[in-house]
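Below, each chain spelled out in residue letters.
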Amino acid sequence: MRKDLDKRRSLWSALAGVVLLAGCGTDLITAEGNVVWDGKPVESGTISFAPSDSMGPTIGGGIKDGKYRLEGEGGVTPGKKTVIITAARQTGKQIEVGPPAPPGTMVDDVRTISEKMTCEIVAGRANQHDFEITSSAATK
């Protein structure tokens, strides 16, 4: 009985070591850049980097004043990525809300984008990726 227990403990210890080692060695890379929409910096939005082969984590963060930076624990794993950018901005126009609001109720008109692009994150070098979006990607 004692030998079986010792063998199980040794096996579990070995497996735990393999799992810990498997998690090591995946370097997270800093990715940063600019995001513009029709030539103007995106005031506020989000950006995420998903592995193109669906193997690995999707990492994301905020866009502020046209800039994003993912670094440290929030860094991106190397490889080909599908980049998803979402943002909204006011058009400067007013539109009628419609029912169930009272007739004539007006609100700010807002355009949103949800754009997919691609890039490659490469280990061992700066990863500056700038993205430019046009109004053709915008929806009401």
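A quick note: this is a predicted structure, and the numbers were derived from the prediction, not measured.

### Some points on the environment of Ile113
- Considering the arrangement of structural elements, one finds Ile113 in strand 7 (residues 106-121).
- Sequence separation between Ile113 and Thr86 is 27 residues, and the spatial gap between their C-alpha atoms is 5.3 Å.

### Quick look at the pattern of salt bridges
- Across all of its chains, the model carries 4 salt bridges by this definition.
- Put simply, Asp38 and Arg89 hold a salt bridge, and the shortest N to O gap is 3.2 Å. Taken together, the positions of Asp38 in the loop between strand 1 (31-37) and strand 2 (40-41) and Arg89 in strand 6 (residues 79-96) put the pair 51 residues apart, joining distant regions of the chain.
- Classification of Arg89 as partly exposed rests on a relative accessible area of 28%.
- Here the residues in one salt-bridge network are Glu32, Arg69 and Glu71, joined through shared partners.

### A short note on the pairing of strand 5 (residues 67-70)
- Along strand 5, the buried face is formed by Tyr68 and Leu70; none of Lys67 and Arg69, which line the opposite face, is buried.
- Alignment of strand 1 against strand 5, held across 4 bridges, turns out to be antiparallel. Its bridge partner lying in strand 5, Glu32 is registered against Arg69.

### Comments concerning the nonpolar core
- In this structure, Val35, Ile47, Phe49, Tyr68, Ile85 and Phe131 are the most contacted members of the largest nonpolar core, which totals 21 residues.
- Contributing elements (two or more residues each) for this core: strand 1, strand 3 (44-51), strand 4 (59-64), strand 5, strand 6, strand 7 and strand 9 (131-133).
- If one sorts the elements of this core by residue count, strand 7 sits on top with 4 residues.

### Looking at unusual backbone geometry
- Put simply, Pro99 and Pro100 share a cis peptide bond, and its omega is 10°.
- With respect to the element layout, Pro100 can be found in the loop between strand 6 and strand 7.
- One non-glycine residue, Asp38, lies in positive phi territory at about 50°.
- A positive phi angle, near 50°, is found at Asp65, a position not held by glycine.
- Mapped onto the elements, Asp65 comes out in the loop between strand 4 and strand 5.
- Exposure remark for Asp65: the relative accessible area of 52% places this residue in the exposed category.

Procedures and definitions
- Residues numbered from 1 in each chain as written.
- Predicted model: local features only at pLDDT ≥ 70, side-chain atom pairs only at ≥ 80, totals over all residues.
- Heavy atoms only, no water.
- Helix = DSSP H or I, 4+ residues; strand = E, 2+ residues; numbered from the N terminus.
- Salt bridge = Lys/Arg side-chain N within 4 Å of Asp/Glu carboxyl O.
- Buried < 20%, exposed > 50% of the residue type's maximum accessible area, 1.4 Å probe, protein only.
- Pairing = 2+ DSSP bridges.
- Core = buried A, V, L, I, M, F, W, Y, C linked by side-chain atoms within 4.5 Å.

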